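Structural description and commentary
If you want the building blocks of each chain, they are given just below.
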Amino acid sequence: MLHEIARKLDQAAASATSIEQLSNTNELSLEDAYQVQKLSIDERLNRGEKLVGYKMGFTSKAKMLQMGVDDIIWGRLTDAMFIEDGGAIDLSKYVHPRAEPEIAFKLKSSLSGIVTKEQALSAVGAVAGAIEVIDSRYQNFKFSLSDVIADNCSSTGFVIGDWHEGGSDISDLSMVIDVNGEEVASGSSLDILDHPINSLVEAARCIALSGEELKAGQIILAGAATAAVALAPNQRISANIENLGSCSFSTMNK
Ligand code: OOG
Ligand code: MG
């Protein structure tokens, strides 16, 4: 049954069509939901996509409030989700996409299980400002916690700005998202679990529960500091992260 749900979610994502929330008929346990997520990502990996990292979700109050969910979640990132900085996305490939400002870590060494903040910091090779494009495969972008976990935590795309190597201070950076040059949402990196490094500590812990570990070279998105912004055609979306710089993409079609 979990395989069947995984295939359904994978097909919904691949064909940009929404499906009914699973929890309307059958609420999965969180463990089963993570299993469905893994199976649906396996479908992508079987088609040749590569796992490049993980994303954390609901690590800020703004996101929890927007979505009515209040537990940290995590999902998987593949190379096919990468959107080049300054590139364009075709909205017809998504159901109802949204964008949110993030901070990305690139690891220089592995992290597994319970780690301290210091251990997490010393595994970070570089940090960058980023934008995550999320797209729920559920109708009206509505879901329960287990629904969204099964749906790979709405992952669909990510843009990464310039990488900054070494010990950049990321404790309290303003994070702003603009649409066509107008600010639409703003927050601080402080809003991400009091410090984005805590998100990496959580990532190592949560992912170990599924028998995986964070590896050198992988990218981890710490979670959005602001509510996500709905996308429409002919927009230029840019995120400006203090000290880390900006990154952007534009939208076409639909
Ligand atoms: C779930 C994904 C949450 C974040 O940064 O908090 C997330 C959603 O909002 O659909 O990516
Ligand atoms: Mg996100």
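Residues numbered from 1 in each chain as written. Chains lettered and ligands numbered in written order. Predicted model: local features only at pLDDT ≥ 70, side-chain atom pairs only at ≥ 80, totals over all residues. Heavy atoms only, no water.

1. Quick word on the site of ligand 1
Ligand 1 sits among 17 residues. The nearest are Phe 58, Lys 63, Glu 100, Ser 154 and Ala 224. A distance of 2.8 Å separates an oxygen atom of ligand 1 from a polar atom in the side chain of Glu 100. Contact between ligand 1 and Ala 224: an oxygen atom at 2.8 Å from a main-chain N or O atom of the residue. If ligand 1 stood free it would expose 320 Å²; the protein chains cover 100% of that surface. Using a 2 Å cut-off from the grid points, one finds that ligand 1 occupies the largest cavity. When residues of the shell around ligand 1 are traced back to their parent elements, those giving at least two are strand S1 (51-57), helix H3 (61-67), strand S4 (98-107) and strand S5 (124-134). At three residues, the largest contribution of residues to the shell around ligand 1 is made by S1. (Near = heavy atom within 4 Å. Polar contact = N/O pair within 3.5 Å; in protein donor to acceptor, adjacent residues only side chain to side chain. Areas by Shrake-Rupley, 256 points an atom, 1.4 Å probe, with all protein chains shown as cover. 1 Å grid on protein atoms, 1.4 Å probe; cavity = no way out; pocket = protein on both sides within 12 Å on 5 of 7 lines; lining within 4 Å. Sits in = over half its atoms within 2 Å of the grid points. Helix = DSSP H or I, 4+ residues; strand = E, 2+ residues; numbered from the N terminus.)

2. Let's talk about empty space enclosed by the protein
As enumerated under the stated definition, the model contains two cavities of 30 Å³ or more in all. For the largest cavity, the calculated volume is near 110 Å³. If you go around the largest cavity, you meet 17 residues; those closest to its centre are Lys 55, Phe 58, Lys 63, Glu 100 and Cys 153. Among the secondary structure elements, those contributing two or more residues to the lining of the largest cavity are S1, H3, S4 and S5. Take the lining of the largest cavity: its biggest share by element is three residues, from S1. (Points joined across faces, edges and corners; volume = space filled by probe spheres on them.)

3. Considerations on the packing of helix H1 (residues 2-15) against helix H2 (residues 30-46)
The interhelical angle for the contact between H1 and H2, taken along N-to-C directions, is 55°, at an axis separation of 8 Å. Viewed along their axes, H1 and H2 adopt a mutual orientation that is oblique. Seen from above, H1 lies across H2 with right-handed handedness. Judged by residue contacts, Leu 2, His 3, Ile 5, Ala 6, Arg 7, Leu 9, Asp 10 and Ala 13 of H1 engage Asp 32, Gln 35, Val 36, Leu 39, Ser 40, Glu 43 and Arg 44 from H2. (Axes fitted to C-alpha atoms, helices over the stretch in contact; angles between N-to-C directions. Parallel < 35°, antiparallel > 145°, perpendicular 65-115°, else oblique. Left-handed = near helix turned anticlockwise from the far one by under 90°. Contact = heavy atoms within 4.5 Å.)

Any functional reading would require information that these geometric values do not contain.
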